[in-house]
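Breakdown of the fold
Here are the chains, one letter per residue:
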Amino acid sequence: MKKRRIAGVILAAVMVLSLAGCAEKADETGDSKLVLGFSQIGTESAWRIGNTKDIEEQAGNFDIGLMLENANQKQENQIAAIRRFIAYKVDVIAFSPIVEEGWDNVLKEAKEAGIPVILVDRELKTSQQGLTTCLIGADFYKEGVMAAEYLIRKADSLGLEHVNIVEITGTQNSTPMVQRQAGFFDTISEDPRMNVLESIDGDFLKSRGAECMRYLLDTYGDTIDVVYSHNDEMTLGALPEIEKADFVPGQDIIIISIDGGQEAINVLKEGKINCVVECTPKLGKALMETALKLKAGEAVEPVIHPEEEVFSDEQDTSLIAPRGY
Ligand code: GZL
């Protein structure tokens, strides 16, 4: 018990020192340097790691004091971090909500403290309007549509009359999962060739992608024509399982993924993935620009969607530029 108490004291001391350090930075500049508190979901994917790196780089470029906390995939850690930002009286709070529900209380506390909140990457649902100022992040529904539109073109080019699809989804009740599924399903629903055998939750994790693919292969075997995976990590976990089952990914089974990280693009170039829909993690510049506008009392766009494209075996993949994440 004693050891735990000592550890607790050390952690608290570290927190105070790091906050004090931030306060000193603000004092050093002499001017009111913007302090931004950011609660990041975790490090579950190359996308997430790239997003964190970009936010840190852009905070430096804009000379913004960044307090970034990693929640290690736990909503309660994000809520605790947002409460620390409120206590520290940061100028702006931003976060990527791991799931859409359960944020009302802490967002009401931020509003009562007069601290504006920016949503980055993912959205949320609240019972009260006006608890957040804006969203900077991808149009996930459109990503799902682009994935389905690729599949329809692929089925046409192969002359397929019947297409059996398995879906490996991202974290249940997260915005990217809900909207990537909706965009895909809405688009294929008008095509009588398309049949979804099963959707299964891979939680955006590589290890879960492998487990899901093993289960789907055991259950559906060679009736599977397409794997639609909500992110590259799960896709990269699934591919070895497909090969262990003596199928050739990209040929025996069409592979469609989302994110567009370098590792998945390399596999696309090898022909083992057929389509990667881009979901850029580079949201840091827009975040810093928006935070500065909020601090200056300027109006901000309610939604900022970055431009995104589709990489696939329909193009010369050797021309795809380095991805940077
Ligand atoms: C999408 C982001 C998703 C990525 C995953 O913007 O929320 O979370 O697609 C990441 O790789 O885990």
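This structure is a prediction, so every number in the text was calculated from the model and none was measured.

1. Some thoughts on helix α5 (residues 140-158)
Relative to the 27 Å expected for 19 residues at 1.5 Å per residue, α5 spans 27 Å between its end C-alpha atoms, a close match to the ideal helical length. Burial in α5 covers these residues: Phe140, Glu143, Gly144, Val145, Met146, Ala147, Ala148, Tyr150, Leu151, Ile152, Lys154 and Ala155. Capping the start of α5, Asp139 holds a side-chain oxygen 3.3 Å from the backbone nitrogen of Tyr141, two or three residues further along. Note on α5: the residue one or two positions beyond its end, Gly159, has a positive phi of about 65°.

2. Some words on the site of the ligand
Near the ligand you find 13 residues, and of these Glu44, Asp121, Arg122, Arg180 and Asp259 are the closest. At 3.0 Å from an oxygen atom of the ligand is found a side-chain nitrogen or oxygen belonging to Arg48. A distance of 2.6 Å separates an oxygen atom of the ligand from a polar side-chain atom of Asp259. In isolation the ligand has 320 Å² of accessible area, and contact with the protein removes 100% of it. Under a 2 Å grid-point criterion requiring more than half of the atoms, the pocket assigned to the ligand is the largest cavity.

3. Examining the packing of helix α8 (residues 232-244) against helix α9 (residues 262-270)
The N-to-C vectors of α8 and α9 enclose an angle of 45°; their axes lie 9 Å apart at closest approach. Taken together, α8 and α9 sit at an angle that is classed as oblique. The handedness of the crossing between α8 and α9 is left-handed. Between α8 and α9, the contacting residues are Asp232, Leu236 and Leu239 on the first element and Glu263, Ala264 and Val267 on the second. Across the contact of α8 with α9, the residue classes break down as 4 nonpolar, no polar and 2 charged.

4. A word on the confidence of the model for the chain
The predicted model of the chain averages 92 in pLDDT, with 90% of residues at 70 or higher. Segment residues 11-27 is flagged for pLDDT under 50; beyond a separation of four residues in sequence, or across chains, it makes 11 contacts in the model.

Criteria and thresholds
- Residues numbered from 1 in each chain as written.
- Predicted model: local features only at pLDDT ≥ 70, side-chain atom pairs only at ≥ 80, totals over all residues.
- Heavy atoms only, no water.
- Helix = DSSP H or I, 4+ residues; strand = E, 2+ residues; numbered from the N terminus.
- Expected span 1.5 Å × (residues − 1).
- Buried < 20%, exposed > 50% of the residue type's maximum accessible area, 1.4 Å probe, protein only.
- Polar contact = N/O pair within 3.5 Å; in protein donor to acceptor, adjacent residues only side chain to side chain.
- Near = heavy atom within 4 Å.
- Areas by Shrake-Rupley, 256 points an atom, 1.4 Å probe, with all protein chains shown as cover.
- 1 Å grid on protein atoms, 1.4 Å probe; cavity = no way out; pocket = protein on both sides within 12 Å on 5 of 7 lines; lining within 4 Å.
- Sits in = over half its atoms within 2 Å of the grid points.
- Axes fitted to C-alpha atoms, helices over the stretch in contact; angles between N-to-C directions.
- Parallel < 35°, antiparallel > 145°, perpendicular 65-115°, else oblique.
- Left-handed = near helix turned anticlockwise from the far one by under 90°.
- Contact = heavy atoms within 4.5 Å.
- Nonpolar A, V, L, I, M, F, W, Y, C, P; charged D, E, K, R; others polar.
- pLDDT = per-residue confidence, 0-100.

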